[in-house]
Amino acid sequence: MRPFFIIILSLIIRTNDVFSQEVDAVKKTELKIERAKKALRELDPKKSMMLAQEILSESFQLNNNALKSKAYLILGSNFTEFANTKKAKDYFLKSLYYANLEDNDTLKNLIYNNLGALCSYYENNFEEGIKYYKKGLFYTEKINKPIQTVYNSLNIAGAYVDENRYEEAIPFLKKASLYITGQKESEAQLNYNALWARYHSYKNEKAKAEYFFEKAIHYGLKEKENLLDSYLSEVYLDYALHFEKFKEYQKALKYQKLSSQYKDKVYNESRSESVKSEEDAIKIKEYEEQINYIEKQKEEQELSFKKTYLIIFLFMIIVGFLIILVYILYQNNQHRRKSFVRLKRINNELEEAKDRAEESTRLKSQFVSTIIHELRTPLYGVIGISDLLADEYPEIKNSKYLESLKFSAQYLLSLVNDVLQIYKITEKKIVLEKSNFNLWDKMEAIKNSFYMQSVKTKNTINIKIDPRIPEKIIGDGLRLSQILMNLVSNALKFTEKGKVDVSVQLLTRIDNQICLEFVVEDTGIGIAKENQKRIFEEFVQIERREEDYQGTGLGLPIVKKLIALFGGAIFLESEEGKGTKVIFQLSFEIDDQISLPHLLVEEKQERKLKVLLAEDNKINQIVTEKILQSFGYHVIIVENGLQTIEICKKEQFNIIFLDINMPIYDGYETAIHIRNLKIKTPIIALTAFDRFEVFNKCKKAGMNDVLIKPFEKEQLLNVLNEYVEF
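Right, let's walk through the structure included here. (Residues numbered from 1 in each chain as written. Predicted model: local features only at pLDDT ≥ 70, side-chain atom pairs only at ≥ 80, totals over all residues. Heavy atoms only, no water.)

Throughout the structure, instances matching the rule amount to 27 salt bridges. Between K89 and E123 there is a salt bridge, and its shortest N-O distance comes to 3.5 Å. A residue pair is termed long-range when its members are at least 10 positions apart, and K89 in helix α5 (residues 85-102) and E123 in the loop between α6 (105-121) and α7 (126-143) qualify at 34 residues. When its relative accessible area of 19% is taken as the criterion, K89 is described as buried. A relative accessible area of 31% means that E123 is categorised as partly exposed. Because the salt bridges share partners, they merge into one network encompassing K206, E210, E248 and K251. (Salt bridge = Lys/Arg side-chain N within 4 Å of Asp/Glu carboxyl O. Helix = DSSP H or I, 4+ residues; strand = E, 2+ residues; numbered from the N terminus. Buried < 20%, exposed > 50% of the residue type's maximum accessible area, 1.4 Å probe, protein only.)

If you want it as structure tokens, here you go:
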């Protein structure tokens, strides 16, 4: 930079016209600064940064330190908005450098406050942030601007509150209160009331806290053009945490949703992209201006030493650098030779370890798949035979014991699948199914399934369902059953000579969507406060007084994961010796259509259709044959792949069901042989493996679809309706 006395001399020599032009240029640049600040407030970073670039260029042309400082301040503010902390801090420090040259206290105050916010809320360094804020407050009081004193005091108080150092925040809140009365700045009023609200919430002064929260929200909503939406988002979140603290969960949920809405409204991906696209252009322009300035400075100062000295000096440095580089390369080469054999040996060991790890993963996956298959197969027999008993012996069809048997088998199947897959939750997520079910029947079936357990523990189970809830709803009824079964089972386990109340309440109904609130409440022994959060962790069992309280420790973690899959949340209220209440909310669709699958069966009975069932398991043969015969089909059973191929050569069938695991030829090989015979009959794979494991292989073998065992009667009927022509 040129010495100050040279600048003074040049100003004296200039004519009045030149001086006037320079003043006009400064005013125009100041107007651009206001426009850039306005664009930043209105969330238009592209315009703000474009203007800042022009301001920076003009400030160097005018050699005006104040304008340079403001340009860098705007650039830093833009990059702070999008969490590019490194670049933002660089620009703020450049701004501070030029503000110090200008000795501008107002600018110093703004810069220190921005640095304080950057360190506190983006670098999470509250100690350094508070130091910057206090420096800003020093300059604010020096220039004697009351409203700015309010903002600085609130910044410091806010940093202390965010660090839970509430008592240290009070002096600065009180300082702000001296100047805030009569101020019309909604932003200051909002932050002032929000900080008092958080302080009173921390002190458990509920009424005072809610009074200040409401005042803060009032000032946030009062401001036009949505300029305070980001602050409102934080206030709503703090309000939600306040209500959660006092166990008012409905209000907590309401303000949590409002916080999310305002947060999504303010922050979006397009803004960060627009900053990114401008960054390189601004930096290049900055470098160009600085290089031009340095070159002019070099020309005016006429350096005293000759270029040859510089060249010699640089040459000596380069030679020395090359000598050091050659020595380092030589040492590295020697070291590489010595370590080559060692690295090769380590590499071989790593390859072997990798192979062992891959084999272990493969065996683990195979083990899980086999266990699922082996458990599903007998469960298919239990569920299927339950249906057959109900069909063949009408007098026990409505028996609650039979219903409980089938319901428990279905629940066990779902539980087995989840327990076996919970360890690989990151690899495969459970997908919720959509089917219509009768909530009233579902709740009654759950109650009946716990009949024996309730008798044993001398408890009563009460079911209460809001009459406004439709009879048929659409969703994953089996997962809902699993959630309720776990919660009711837990309630009965820890309750004796008491009661378990299960209630379902309709919260909202919008078009074909309903939101239901489920409450499971018992009069049992309750849960200690220190254990209430831990019970949702996997394999955690709270220590109990009696030996009967057994379990895997997976029931409640599975409940929490399933509710999360539904998009809901679970809350727990409990007091030792008085009981436990569990509350969760789930959304479902309303079933407005009437389904008549049985009428389709009656129509099919007019024509006797032939089905080939290839199944080697005797129980599965009986169950599947009975279901198909109940639809009016003529069923032929074979026990291996070879028999399947031979009978397909002699007879024609309307549909073929192939078990994948059969002797001689498995289902895949059998399907390939059948397709090679130019037989186009629909082939459905029957398997107890997971669908995603076998579906692609079945398709490649020429099969039309996959039916997972155990399956419901309606599922089999749907397959027949889709693939059998009449």
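Our focus in this paragraph is the side chain of K68. Its location among the elements puts K68 in helix α4 (residues 65-81). Classification of K68 by relative accessible area gives buried; the value is 1%. Of the polar contacts made by the side chain of K68, one reaches the side chain of N63; its length is 3.3 Å. When sequence neighbours within four positions are dropped, the list of residues in contact with K68 reads S59, F60, N63 and Y98. (Polar contact = N/O pair within 3.5 Å; in protein donor to acceptor, adjacent residues only side chain to side chain. Contact = heavy atoms within 4.5 Å.)

The next point concerns the packing of helix α22 (residues 618-630) against helix α26 (residues 713-723). Viewed as axis vectors pointing N to C, α22 and α26 meet at an angle of 60°, and their least axial separation amounts to 11 Å. With respect to their mutual orientation, α22 and α26 come out oblique. Considering how the two elements wind past one another, α22 and α26 form a crossing that is right-handed. For the pair formed by α22 and α26, the contact residues are I627, L628 and S630 on the first element and K713, L716 and L720 on the second. Class assignment for the residues of the contact of α22 with α26 results in 4 nonpolar, 1 polar and 1 charged. (Axes fitted to C-alpha atoms, helices over the stretch in contact; angles between N-to-C directions. Parallel < 35°, antiparallel > 145°, perpendicular 65-115°, else oblique. Left-handed = near helix turned anticlockwise from the far one by under 90°. Nonpolar A, V, L, I, M, F, W, Y, C, P; charged D, E, K, R; others polar.)

Positive phi is not limited to glycine here, since K458 has a value of about 60°. Inspection of the secondary structure assignment puts K458 in the loop between α18 (451-457) and β2 (460-465). A relative accessible area of 55% means that K458 is categorised as exposed. At K678, a residue that is not glycine, the phi angle is positive and equals roughly 65°. If you trace the backbone, K678 turns up in the loop between α24 (667-676) and β11 (683-687).

On to α22, then. Its 13 residues give α22 an end-to-end C-alpha distance of 18 Å, which sits within 8% of 18 Å, the value for a rise of 1.5 Å per residue. All buried positions along α22 are accounted for by N620, Q621, V623, T624, I627 and L628. Sitting at the head of α22, N617 places a side-chain oxygen 3.1 Å from the backbone nitrogen of I619. In the stretch just after α22, G632 is the one whose phi turns positive, near 95°. (Expected span 1.5 Å × (residues − 1).)

Note on helix geometry: an α-helix contains 3.6 residues per turn, so any two residues three or four positions apart are oriented the same way. With 15 residues, helix α9 (residues 166-180) should cover 21 Å at 1.5 Å per step; its first-to-last C-alpha distance of 20 Å lies within 8% of that length. Contacts made by the buried residues of α9 are with α7, α8 (146-162) and α10 (186-202). G182 sits one or two residues past α9 and shows a positive phi near 85°.

Moving on, we come to the packing of aromatic side chains. For the structure on display, the rule yields 24 aromatic pairs. Judged by centre distance (5.2 Å) and plane angle (75°), the ring pair of Y211 and F212 falls under edge-to-face. When its relative accessible area of 17% is taken as the criterion, F212 is described as buried. Taking NZ or CZ as reference, K206 lies 5.9 Å from the ring centre of F246, over its face. In this arrangement the basic side chain of K697 is found over the ring face of Y668, its NZ or CZ atom lying 4.4 Å from the centre. (Phe/Tyr/Trp six-rings, centres within 6.5 Å; stacked < 30°, edge-to-face > 60°. Lys NZ or Arg CZ within 6 Å of the ring centre and 35° of its normal.)

So, on to the environment of Q585. Topologically, Q585 is positioned in strand β7 (residues 579-590). Here Q585 falls in the buried class, since its relative accessible area comes to 14%. Note: C-alpha distance between Q585 and A569 (16 residues apart in sequence) is 6.4 Å. Apart from residues lying up to four places away in sequence, Q585 is in contact with Q250, L253, L507, C515, L516, E517, G568 and A569. Within the local environment of Q585, its side chain forms a polar contact with the side chain of E517, the two groups lying 3.2 Å apart.

Let us now look at the side chain of K108. With respect to the helices and strands, K108 occurs in helix α6. Setting aside its immediate chain neighbours within four residues, K108 contacts L96, A99, N100, D103 and Y139.

Turning our eyes to something else, we now look at the pairing of β11. The buried fraction of β11 amounts to 5 of the 5 residues, a majority that puts the element mostly inside the structure. Of the two faces of β11, both are covered, the one formed by I683, A685 and T687 as well as the one formed by I684 and L686. By the bridge criterion, 4 bridges tie strand β10 (residues 655-659) to β11 in an arrangement that is parallel. Across the sheet, residue F657 finds its bridge partner in β11, namely I684. Between the parallel elements β10 and β11, the chain passes through α24 in a crossover that is right-handed. Bridge count for β11 against strand β12 (residues 705-708) is 4 bridges, and the pairing is parallel. By the bridge assignment for β12, I684 is matched with D705. (Pairing = 2+ DSSP bridges. Right-handed = clockwise from strand over helix to strand, strands pointing away.)

Treat this as a map of the structure, not an account of what it does.
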